[in-house]
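This is what each chain is made of:
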Amino acid sequence: MTTPAPLIDADVPRPVLDVIARLRELGHAAFLVGGCVRDTLRGYHPKDFDVATSALPEEVQRAFRKVIPTGIQHGTVTVLMSGTHVEVTTFRSESEYHDGRRPSAVTFEQDIVKDLSRRDFTINAMAWNPLSHELVDPFGGQEDLKARLVRCVGSAVERFSEDGLRPLRAVRFAAVLDFTLDPGTQAAIPATLPVFRKVAHERVREEFVKLLLSKRAEFGLELLTATGLLDVFLPELARADVEAARLARAAAAAEPVDAEIRLAALLADLVDPHRAEEIGVRLKFPTKTIERVRLLVTHARLEQHVGDSDPALRRLLAKVGLGNVEALTSVARARIQAREPSRLPEMEVLIGRLHTLAAVKPPLTSKDLALNGGAIMATLGVGPSPIVGEATRFLLEQVLDEPARNEPETLKELLRGWQQARGA
Ligand code: ATP
Ligand code: MG
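Residues numbered from 1 in each chain as written. Chains lettered and ligands numbered in written order. Predicted model: local features only at pLDDT ≥ 70, side-chain atom pairs only at ≥ 80, totals over all residues. Heavy atoms only, no water.

Peer 1: Would you mind going over the sheet that holds strand β3 (residues 67–71) with me for this structure?
Peer 2: Here we have 7 strands laid out as an open sheet, ordered β3-β4-β5-β2-β1-β8-β9, and mixed in their pairing. For this open sheet the edge positions go to β3 and β9 (134–136), each flanked by a neighbour on one side alone. Direction aside, neighbouring strands of the sheet carry axes that sit 35° apart on average. In this structure, strand β8 (residues 127–129) lies alongside β9, joined through 3 bridges in antiparallel fashion. Across the sheet, the residue bridging to Asn129 is Glu134, located in β9. Against the sheet, helix α2 (residues 14–25) makes contact with β1 (30–33), β2 (50–53), β4 (76–81), β5 (84–90) and β8, and its axis sits at roughly 145° relative to β1, the strand it touches most. (Pairing = 2+ DSSP bridges. Helix = DSSP H or I, 4+ residues; strand = E, 2+ residues; numbered from the N terminus. Axes fitted to C-alpha atoms, helices over the stretch in contact; angles between N-to-C directions. Contact = heavy atoms within 4.5 Å.)

The structure is reproduced here in structure tokens:
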């Protein structure tokens, strides 16, 4: 068998090669597996290199000086080799999926083909020995890579019934790799949706985010809709009919590629901020993400501000926060591009104005005022009292109107005038 050229030229990190060489010296089988083989064959440098071996976890631990038993119950040990973390997992098969979520039992195996046969897709079920260049490809992974197909290993209905996350992974890989689903694989999705429903929301969210961040996010979202997967975890969008395509286009167009920005672009014209937050909670996004998405959804309709004065735009900046201007303008631009491209030029003018106003870091909160609480009380000749809060709000409005007023003397004068007017 001839070795495909990308494998010969591959740049496998030295520590990874050393781990494989050591295991082989001890008489064990050891291969690179999964995503790194797939990506190398496609001509891409993998983000991580996973090693699979016939050595039992205890044997792996004994073979190296520094190890971390990361997922020892599943057979995964992290080897620290020359400062690099290398994940080494014992060949295994998984039996008895009771609930469609996690295998109820893991059996360690001696045969690489057994390990490959429990993997999800043919393109993910190849093993490669980078020392000898042997490639183990029992399910036609190379052929499917060439045909740009995501195809289950074995019966798609069976594999999707074992682990309900796999159909979503199939669509995610199609979007990330710019592949299509093998017809048999796609056809198995609707029938196995009840199993998908049982999958933990965290796992769903992880795959969904990868899809949203992919090059073909729009296509991925369409495929999610067509297969019925979307209706299970984002029914709001699945039932948005015509509008859904536009929302998908907006999300896919949002740059820079960032989960919060893409999510906000997807949701901004679909739901109100409160619903957006509920969706974030349902999909178990981190709180920080949920809050940021909510803020972006709240203010996404920037076209409403096209005719606004500078003071009005500064008040918007005060609500959004300078740190979120970049993200907000990205969301607004993506939305307009998808819905009303003819309004893009006026949107760009507005975005330019917002950036210019933000660039000088104008005072936007009471903390930015040139007078602190003590100075305000001294100027008014009062002690702590509700009037101090009122005065602070008055001064903030003054500097939002005109940032140049944010000088101690100017503010004191304004304050005295305010006090007199109140007294009168
Ligand atoms: P990525 O580049 O997105 O990380 P990957 O192929 O490395 O892609 P992972 O989710 O990291 O994907 O999984 C690593 C490998 O483990 C896969 O290539 C596949 O062989 C196997 N695998 C992962 N999840 C499953 C699953 N749910 N069912 C079967 N095999 C799986
Ligand atoms: Mg991976």
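Back to the text.
Peer 1: Just to check I follow, could you spell out the packing of helix α11 (residues 201–212) against helix α16 (residues 259–267) for this structure?
Peer 2: Think of two packed helices as two axes; the pair is described by the angle between the axes and how far apart they sit. The interhelical angle for the contact between α11 and α16, taken along N-to-C directions, is 85°, at an axis separation of 10 Å. With respect to their mutual orientation, α11 and α16 come out roughly perpendicular. Facing α11, whose interface residues are Phe208, Val209 and Leu212, α16 presents Ala259, Arg262, Leu263 and Leu266. (Parallel < 35°, antiparallel > 145°, perpendicular 65-115°, else oblique.)

Peer 1: Is there a simple way to think about the site of ligand 1 in this case?
Peer 2: Close to ligand 1 lie 14 residues; Arg38, Lys47, Asp163, Arg166 and Arg172 are nearest. The separation between an oxygen atom of ligand 1 and a polar main-chain atom of Gly35 is 3.4 Å. Arg38 places a side-chain nitrogen or oxygen 2.8 Å from an oxygen atom of ligand 1. Out of a free accessible area of 590 Å², ligand 1 has 79% covered by protein chains. Each residue belonging to the shell around ligand 1 can be placed in one class, and the counts come to 1 nonpolar, 3 polar and 10 charged. Three or more residues apiece are contributed to the shell around ligand 1 by two domains, here domain 1 (1–144) and domain 2 (148–233). (Near = heavy atom within 4 Å. Polar contact = N/O pair within 3.5 Å; in protein donor to acceptor, adjacent residues only side chain to side chain. Areas by Shrake-Rupley, 256 points an atom, 1.4 Å probe, with all protein chains shown as cover. Nonpolar A, V, L, I, M, F, W, Y, C, P; charged D, E, K, R; others polar. Domains from an automatic or database assignment.)

Peer 1: What is the right way to look at unusual backbone geometry in this model?
Peer 2: Negative phi characterises most residues that are not glycine, and trans characterises most peptide bonds. The omega torsion of the bond from Glu255 to Pro256 falls at -5°, within 30 degrees of zero and hence cis. Residue placement: Pro256 occurs in the loop between α15 (242–253) and α16. Even without glycine at this site, Ser82 takes up a positive phi of about 45°. Although it is not a glycine, Lys361 sits at a positive phi angle of roughly 45°. Following the sequence through the fold, Lys361 ends up in the loop between α21 (344–359) and α22 (373–380). Exposure remark for Lys361: the relative accessible area of 65% places this residue in the exposed category. (Buried < 20%, exposed > 50% of the residue type's maximum accessible area, 1.4 Å probe, protein only.)

Peer 1: Help me understand the environment of His74 in this model?
Peer 2: Looking at where His74 falls in the secondary structure, it is placed in the loop between β3 and β4. Residues His74 and Phe91, 17 residues apart in the sequence, show an inter-C-alpha distance of 9.9 Å.

Peer 1: Explain the nonpolar core to me, please; I cannot follow it from the model alone.
Peer 2: A general tendency of soluble globular proteins is for nonpolar side chains to be buried together. Core analysis: the biggest nonpolar cluster contains 121 residues, and Leu32 and Leu224 have the highest contact counts within it. For this core, the element with the highest residue contribution is helix α23 (residues 386–401), accounting for 8 residues. Apart from the residues lying within four places of it in its own chain, the contact partners of Leu224 are Leu168, Val171, Phe208, Leu211, Leu229, Leu230 and Phe233. Membership of the second largest hydrophobic core comes to 10 residues, among which are Phe31, Val33, Phe91 and Val136. (Core = buried A, V, L, I, M, F, W, Y, C linked by side-chain atoms within 4.5 Å.)

Peer 1: Explain the pattern of salt bridges here, please?
Peer 2: Once their charged atoms are close, side chains differing in charge can pair, the charge on each being opposite to the other. Scanning the model with the defined rule gives 39 salt bridges in all. The partner of Asp18 in a salt bridge is Arg14, with the nearest N and O atoms 3.4 Å apart. Residue Asp18 and its partner Arg14 are both found in helix α2; the two are separated by 4 residues, about one turn of the helix. Take Asp18: its relative accessible area is 26%, and that puts it in the partly exposed class. Note on Arg14: relative accessible area 55%, which makes it exposed. For Glu94, the salt bridge goes to Arg118, with nearest N and O atoms at 3.9 Å. Of this pair, Glu94 sits in strand β6 (residues 92–95) while Arg118 sits in the loop between α5 (112–117) and β8, and the two are 24 residues apart along the sequence. (Salt bridge = Lys/Arg side-chain N within 4 Å of Asp/Glu carboxyl O.)

Peer 1: How should the packing of helix α18 (residues 287–299) against helix α20 (residues 325–339) be read in this particular structure?
Peer 2: In contact at an axis separation of 10 Å, α18 and α20 are set at 55° when each is read in the N-to-C sense. Considered as vectors, α18 and α20 are oriented oblique to each other. By crossing handedness, the relation of α18 to α20 is classed as right-handed. Residues Arg292, Leu296 and His299 of α18 lie in contact with α20, whose contacting residues are Ala327, Leu328 and Val331. (Left-handed = near helix turned anticlockwise from the far one by under 90°.)

Peer 1: Even after reading the chapter, I still don't get α22, so can you show me in this structure?
Peer 2: Because an α-helix packs 3.6 residues into every turn, residues spaced three or four apart end up facing the same way. Every buried residue of α22 is listed here: Ile376, Thr379 and Leu380. One side of α22 carries all its buried residues, which in axial view fall inside an arc of 90°. On its buried face, α22 sits against α23 and α24 (408–423). Regarding α22, its N-cap is Asn372, as a side-chain oxygen of that residue lies 3.2 Å from the backbone nitrogen of Gly374 further along. A positive backbone phi angle near 70° is found at Gly381, which sits one or two residues after α22. (Arc of directions from axis to C-beta.)

Peer 1: Sorry if this is basic, but what is going on with the pairing of β2 here?
Peer 2: Moving residue by residue along a regular strand, the side chains alternate between the two faces of the sheet. Alignment of β1 against β2, held across 4 bridges, turns out to be antiparallel. For Leu32, the partnering residue across the bridge sits in β2 and is Val51. When β2 meets β5, the two strands line up parallel, connected through 4 bridges. The residue bridging Thr53 from the neighbouring strand is Thr90, located in β5.

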